Amino acid sequence: MSASKRPSARLLTDLARAQTEVAIGVLAAMMTDAGTTATARIAAANALLDRGWGRPRGEVEAEPAIDIAAIVAQRRRQVIEGMKDEEA
């Protein structure tokens, strides 16, 4: 690979994937090293979990605070009533 030519995205992906075992080893070592800061240990643990199990989706099921259908129906009734008042 020449210094003036940018490597392809595929080549970069292949090079990065070739380092997977080393990277996992470094993360695992950081996670278990009591001399590493708690923040770094947590970040390493999260990185390992994300790669091993996927990132959590974080989906939350919630009922809407307002009933849009009811609001639209009420507004339609108001418009119709207004049109009836103009006709009279």
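Quick summary incoming for the structure in this document. Please read these numbers as outputs of a predicted model, since none were measured by experiment.

## Thoughts on the overall build of the chain
Now for step 1: Within the chain one finds four helices and zero strands.
Now for step 2: Starting at the N terminus, the α and β elements of the chain follow one another as α-α-α-α.
Now for step 3: Here the chain has a C-alpha radius of gyration of 29 Å; the compact-globule value for 88 residues is 12 Å, and the former is much larger.
Now for step 4: Referenced to the eigenvectors of the C-alpha coordinate spread, the extents of the chain come out at roughly 80 × 45 × 20 Å.
Now for step 5: Among the 88 residues that make up the chain, the fraction classed as buried is 7%.
Now for step 6: Accessible area for the chain stands at about 8100 Å²; split by element, carbon and sulfur atoms hold 58% of it.

## Let's talk about a nonpolar patch on the surface
Now for step 1: On the surface, a cluster of nonpolar side chains totalling about 350 Å² of accessible area is made up of I66, I68, I71 and V72.
Now for step 2: As for its placement among the helices and strands, I71 is situated in helix 4 (residues 68-87).
Now for step 3: I71 gets classed as partly exposed once you look at its relative accessible area, which sits at 42%.

## Details of the pattern of salt bridges
Now for step 1: Enumeration according to the criterion identifies two salt bridges in this entry.
Now for step 2: For R10, the salt bridge identified is with D14, shortest N-O distance 3.5 Å. Taken together, the positions of R10 and D14, both in helix 1 (residues 9-18) and four residues apart, correspond to about one turn of that helix.
Now for step 3: Residue R10 is classed as exposed on the basis of its relative accessible area of 54%.
Now for step 4: Overall, D14 belongs to the partly exposed group, its relative accessible area being 36%.
Now for step 5: For D50, the salt bridge is made with R55, and the minimal N-O distance between the two is 3.6 Å.
Now for step 6: For R55, a relative accessible area of 65% translates into the label exposed.

## Some thoughts on the environment of D33
Now for step 1: Mapped onto the secondary structure, D33 falls in the loop between helix 2 (20-32) and helix 3 (38-53).
Now for step 2: Owing to a relative accessible area of 39%, D33 belongs among the partly exposed residues under this scheme.

## A short note on the environment of E81
Now for step 1: The residue E81 is located in helix 4 in this model.
Now for step 2: Sequence-wise, E81 and L49 are 32 residues apart; in three dimensions their C-alpha atoms are separated by 59 Å.

## Concerning the side chain of T36
Now for step 1: Tracing the chain through its elements places T36 in the loop between helix 2 and helix 3.
Now for step 2: T36 sits in the buried class, given a relative accessible area of 18%.

## Considerations on the packing of helix 2 against helix 3
Now for step 1: Contact geometry of helix 2 with helix 3 gives a least axis separation of 8 Å together with a crossing angle of 140°. For the element pair helix 2 / helix 3, the angle class is oblique. Both helix 2 and helix 3 take part in a crossing whose hand is left-handed. Of the residues in helix 3, those in contact with I24, L27, A28, M30, M31 and T32 of helix 2 are A40, R41, A44, A45, A47 and L48.
Now for step 2: Its residues assigned to classes, the contact of helix 2 with helix 3 comprises ten nonpolar, one polar and one charged.

Rules used throughout
- In this numbering scheme, every chain counts its residues from 1 along its sequence in written order.
- Since the coordinates come from a predicted model, pLDDT governs what is reported: local features require at least 70, and pairs of side-chain atoms require 80 or more to be given and counted, while whole-chain, interface and lining totals use all residues.
- With hydrogens and water excluded, all non-hydrogen atoms of the structure serve as input to the side-chain values.
- Every helix listed is a DSSP run of H or I at least four residues long, and every strand listed is a run of E at least two residues long, numbered separately from the N terminus.
- Taken over C-alpha atoms, the radius of gyration is set against a globule rule of 2.2 Å times the number of residues to the power 0.38.
- Type-normalised accessible area, obtained with a 1.4 Å probe on protein chains alone, sets the label of each residue: buried when under 20%, exposed when over 50%, and partly exposed for intermediate values.
- In short, Shrake-Rupley with a 1.4 Å probe defines the accessible areas, and a residue's cover is counted only from the protein chains shown.
- In this scheme, patches are assembled from residues that exceed 30% relative accessible area and form no salt bridge. Like charges are connected within 9 Å, while nonpolar side chains (Val, Leu, Ile, Met, Phe, Trp, Tyr) are connected within 5 Å.
- Whenever a carboxyl oxygen of Asp or Glu lies within 4 Å of a side-chain nitrogen of Lys or Arg, that contact is scored as a salt bridge.
- Lines fitted to C-alpha atoms define the axes, with helix axes restricted to the stretch in contact, and inter-axis angles between N-to-C directions lie between 0 and 180 degrees.
- Orientation categories follow fixed angle ranges, with anything under 35 degrees roughly parallel, anything over 145 roughly antiparallel, 65 to 115 roughly perpendicular, and all other angles oblique.
- The handedness criterion is simple: a crossing whose near helix is rotated anticlockwise from the far helix by less than a right angle is left-handed, and one whose near helix is rotated clockwise is right-handed.
- We call two residues in contact whenever any of their non-hydrogen atoms come within 4.5 Å of each other.
- Think of it as three bins: nonpolar holds Ala, Val, Leu, Ile, Met, Phe, Trp, Tyr, Cys and Pro, charged holds Asp, Glu, Lys and Arg, and polar takes everything else, Gly as well.

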